[in-house]
Amino acid sequence: MSRQLAELEAVLQHMISEHVKLAKHLDAHQAAMRKMDMRAMDDASKLEEGARLRIGTLESRRRVLVNQLAAMHGIAGKATIIALADAIPDSKAKLLGLRDELKAVVQHTAARATIAGRLAVAIAGHLNTAVRLIAGAVEQAGLYTKYGVPKVSNRIGVIEAVG
């Protein structure tokens, strides 16, 4: 087994573990959003960003290794793990197994991210509505009834008439 092939397998395993970590961070972020725990949301988003950066680094390394292996084995066209597995029969089962596992983990993580994103949009919408209501109330400063309606004075004084 070549050094590049062993490194590719290691990179794929690291990618799988990073995606699993990212899914856990997304779950923690989603739980923090449900509780409106700002500190936990901030911590989870920092952990998510770190995992995303590591995944990006691993992905670029994976592409380099796949291209190197494709050049070594004379694979023409687009270099993929499937093409490498066909060109290297001894490692076919291992490569395809890692590819399938990575694909499943990525799909699971993407589903988690979609759910967390929808929850974040809903929370942002509620906060936006609350801020708009508060801003509208502040624009009409004055006395309010017990029902929350602004109380309008019966007469207009000199200062209000000039202003």
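Residues numbered from 1 in each chain as written. Predicted model: local features only at pLDDT ≥ 70, side-chain atom pairs only at ≥ 80, totals over all residues. Heavy atoms only, no water.

A. Region of the structure containing the overall build of the protein chain. Of regular secondary structure, the protein chain possesses 5 helices and 0 strands. Written out in order from the N terminus, the α and β elements of the protein chain read α-α-α-α-α. The proportion of buried residues among the 163 residues of the protein chain is 26%. In the protein chain, the share of contacts with a sequence separation of at least 24, taken over all contacts with a separation of at least 6, comes to 63%. Carbon and sulfur atoms make up 60% of the accessible area of the protein chain, which amounts to about 11100 Å² in all. (Helix = DSSP H or I, 4+ residues; strand = E, 2+ residues; numbered from the N terminus. Buried < 20%, exposed > 50% of the residue type's maximum accessible area, 1.4 Å probe, protein only. Contact = heavy atoms within 4.5 Å. Areas by Shrake-Rupley, 256 points an atom, 1.4 Å probe, with all protein chains shown as cover.)

B. Representation of the nonpolar core within the structure. If you look at the biggest cluster of nonpolar residues, it comprises 20 residues, and the most contacted ones within it are Leu8, Leu12, Leu84 and Leu95. When residues of this core are traced back to their parent elements, those giving at least two are α1 (3-35), α2 (38-72), α3 (81-87) and α4 (92-139). For this core, the element with the most residues is α1, which contributes 6 residues. Beyond its immediate chain neighbours, meaning those up to four positions away, Leu12 contacts Arg62, Ile81, Leu95, Leu98 and Leu102. Among the nonpolar cores identified, the runner-up in size contains 5 residues, and Ala32, Met33, Ala116 and Ile123 belong to it. (Core = buried A, V, L, I, M, F, W, Y, C linked by side-chain atoms within 4.5 Å.)

C. The arrangement of the environment of Asp86 in detail. By the element assignment, Asp86 lies in helix α3. Sequence separation between Asp86 and Leu96 is 10 residues; the distance between their C-alpha atoms is 9.8 Å. A polar contact of 3.1 Å, which involves the side chain of Asp86, links it to the side chain of Lys92. (Polar contact = N/O pair within 3.5 Å; in protein donor to acceptor, adjacent residues only side chain to side chain.)

D. How the structure looks around the pattern of salt bridges. Scanning all chains against the criterion turns up 11 salt bridges. Glu7 serves as the salt-bridge partner of Arg3, at 3.0 Å between the closest nitrogen and oxygen. Taken together, the positions of Arg3 and Glu7, both in helix α1 and 4 residues apart, correspond to about one turn of that helix. The partner of Glu59 in a salt bridge is Arg62, with the nearest N and O atoms 2.6 Å apart. One end of the pair is Glu59 and the other is Arg62, both in helix α2 and 3 residues apart, which spans about a single turn. (Salt bridge = Lys/Arg side-chain N within 4 Å of Asp/Glu carboxyl O.)

E. Structural context of α1. Along its 33 residues, α1 runs 48 Å from first to last C-alpha, staying within 8% of the 48 Å computed at 1.5 Å per residue. Downstream of α1 by one or two residues, Met36 has phi in the positive range, about 60°. (Expected span 1.5 Å × (residues − 1).)

F. Fine view of the side chain of Ser91. With respect to the helices, strands and loops of the structure, Ser91 is situated in the loop between α3 and α4. Excluding anything up to four places from it in sequence, Ser91 contacts Leu5 and Glu9.

G. Seen up close, the environment of Glu9. Among the structural elements, Glu9 can be located in helix α1. You can call Glu9 buried: its relative accessible area is 9%. Sequence separation of Glu9 and Arg99 is 90 residues, and the distance between their C-alpha atoms is 9.5 Å.

These figures capture arrangement, not role.
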